[in-house]
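Close look at the chain arrangement
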Amino acid sequence: MKKINLIILDEEEEYVKKLACGIRQREGERIEAVWYSDRESFLENQAKADLLLLGEEFHEKGFIESLAREERGMKPVLLADECVKKELAKYPVILKFQSIDQIIRNIYRVAAEDDGDDMVCPLASKEIVGVYAPWNYEISVLFSKIMSQIMAERRKLLYVSLAENCFEIQQEEDLADLISFLRMERGNAQARLQSILKKRGKVHYLPAMGNPQNMWDMSGEDYRRLWETLSADIDHDALLFEFGAAYEGVYEDMCRCMKIYCPYQEAFGNGAKRQMEHIICLYNQKELEAKVEYVKMPYIRRERSGTDSMNGGLVQELLYSEFGDKLRGNRYGE
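The sections below set out a description of the structure shown in this document.

**Digging into helix α4 (residues 100-111)**
Residue pairs three or four apart in sequence face the same way in an α-helix, which turns once every 3.6 residues. A rise of 1.5 Å per residue sets the reference length of α4, with its twelve residues, at 16 Å; its end C-alpha atoms lie 16 Å apart and thus fit the reference within 8%. Counted residue by residue, α4 has ten buried out of twelve residues, so it is predominantly covered. Turning to α4, its buried residues number three or more, namely Ile100, Gln102, Ile103, Ile104, Arg105, Asn106, Ile107, Tyr108, Val110 and Ala111.

**Focus on the side chain of Asp253**
For Asp253, the position within the fold is in helix α10 (residues 250-254). Residues within four places of Asp253 in sequence aside, it is in contact with Trp227, Phe243 and Tyr247.

**Things to note about the pattern of salt bridges**
For the structure on display, the rule yields 22 salt bridges. Across the salt bridge formed by Lys96 and Glu12, the nearest N and O atoms sit 2.9 Å from each other. In this pair, Lys96 sits in the loop between β5 (93-95) and α4 while Glu12 sits in the loop between β1 (4-9) and α1 (13-27), placing the two residues 84 residues apart along the sequence. Between Glu173 and Arg192 there is a salt bridge, with the nearest N and O atoms lying 2.5 Å from each other. Of this pair, Glu173 sits in the loop between β7 (157-161) and α6 (175-183) while Arg192 sits in helix α7 (residues 189-196), and the two are 19 residues apart along the sequence. A relative accessible area of 22% means that Glu173 is categorised as partly exposed. Where salt bridges share partners, they join Arg183, Glu185, Glu221, Asp222, Arg224, Arg225 and Glu228 into one cluster.

**A word on helix α3 (residues 61-69)**
Within the span of α3, buried status applies to Phe63, Ile64, Ser66 and Leu67. Around the axis of α3, the buried residues are gathered within 160° of arc, so they sit on the same side. What points out from α3, more than 90 degrees from its buried face, is the exposed set Ala68 and Arg69. The elements touched by buried residues of α3 are β1, α2 (39-44), β3 (51-54) and β4 (75-80).

**Some remarks on the sheet that holds β4**
Here five strands make up an open sheet; going across it, the order is β2-β1-β3-β4-β5 and the pairing parallel. Sheet topology places β2 (31-36) and β5 at the edges, where each strand pairs with a single neighbour. Neighbour-to-neighbour, the strand axes of the sheet open up by a mean angle of 25°, direction not taken into account. In this fold α1 packs onto β1, β2, β3 and β4, with an angle of close to 170° to the strand it touches most, β2. Relative to β5, α4 is tilted by about 175°, and along the sheet it contacts β1, β2, β3, β4 and β5.

**Concerning unusual backbone geometry**
Even without glycine at this site, Glu185 takes up a positive phi of about 55°. With respect to the helices, strands and loops of the structure, Glu185 is situated in the loop between α6 and α7. For Glu185, a relative accessible area of 57% translates into the label exposed.

**Re the side chain of Ser148**
With respect to the helices and strands, Ser148 occurs in helix α5 (residues 137-152). Classification of Ser148 by relative accessible area gives buried; the value is 3%. Leave out the neighbours within four places in its chain, and Ser148 touches Leu157, Tyr159, Val203 and Leu240.

What counts as what
- Residues numbered from 1 in each chain as written.
- Predicted model: local features only at pLDDT ≥ 70, side-chain atom pairs only at ≥ 80, totals over all residues.
- Heavy atoms only, no water.
- Helix = DSSP H or I, 4+ residues; strand = E, 2+ residues; numbered from the N terminus.
- Expected span 1.5 Å × (residues − 1).
- Buried < 20%, exposed > 50% of the residue type's maximum accessible area, 1.4 Å probe, protein only.
- Contact = heavy atoms within 4.5 Å.
- Salt bridge = Lys/Arg side-chain N within 4 Å of Asp/Glu carboxyl O.
- Arc of directions from axis to C-beta.
- Pairing = 2+ DSSP bridges.
- Axes fitted to C-alpha atoms, helices over the stretch in contact; angles between N-to-C directions.

Shown next, in the form of structure tokens:
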């Protein structure tokens, strides 16, 4: 994704300076943010940008249209306290008084409406690790959360889950919103991806679909577009991909992975192995045999399962336990 050049124009000097510096600090590699607090300085500098974020003092139809006539290539975006004038309804709006992280996500959302991703990173250059445990969805989620944190200790990691979002607080946007955007086949997919990503510790993750129906409605073409978008992502050099229910082409997609972890608990150990062996034989994907690694998970008391354990306590406990150390040693030869 090319770097976004952003100009912020707002009369509240302390606010606009703080906002621009915050954006630089968080997204300096992807967004170049400069600021002005008065119209004269802005016009004198003949500045150019991809996006022009305008405070309410500059929500003047004539002023905005004059900027368009000057052909600076800037897209006006209204920074609003609450609402905007009806005559300006055609311009995108970002609410002023929200967290800087939310403002950044909205900047990416607006940038996504413009065509063109000018950089592509072949997916083959990433470290891609898969997780597959259709025999126990809860174990799959738990293992993926632990492994994502371990991988993020040494790599810039993106965690993508095709499992249903049953153990997370519902997000404003999730994987379903990215798929809907990709179906339009226009706009900047990388900017849209950035607008949806969340962060937990060092792990960047794409929130899983909150509505199971969205997952069931995905087509083979949807999965192809998703993998293309992940291929073009240059901000992460590792990908943890949690496979959910089987879909058309799922086992071909598994071949993209360097390794596929199949977590299980003792009661289903042989069943998990037999199921994977059957799948490999049925779909003639012998390439997967050498990539599959079965991981026995510690016994988890049923009263500890559910939202609380998935969201924090149990994940952290296992991450720094003998089990977590074993996963680190398995990955890095320590």
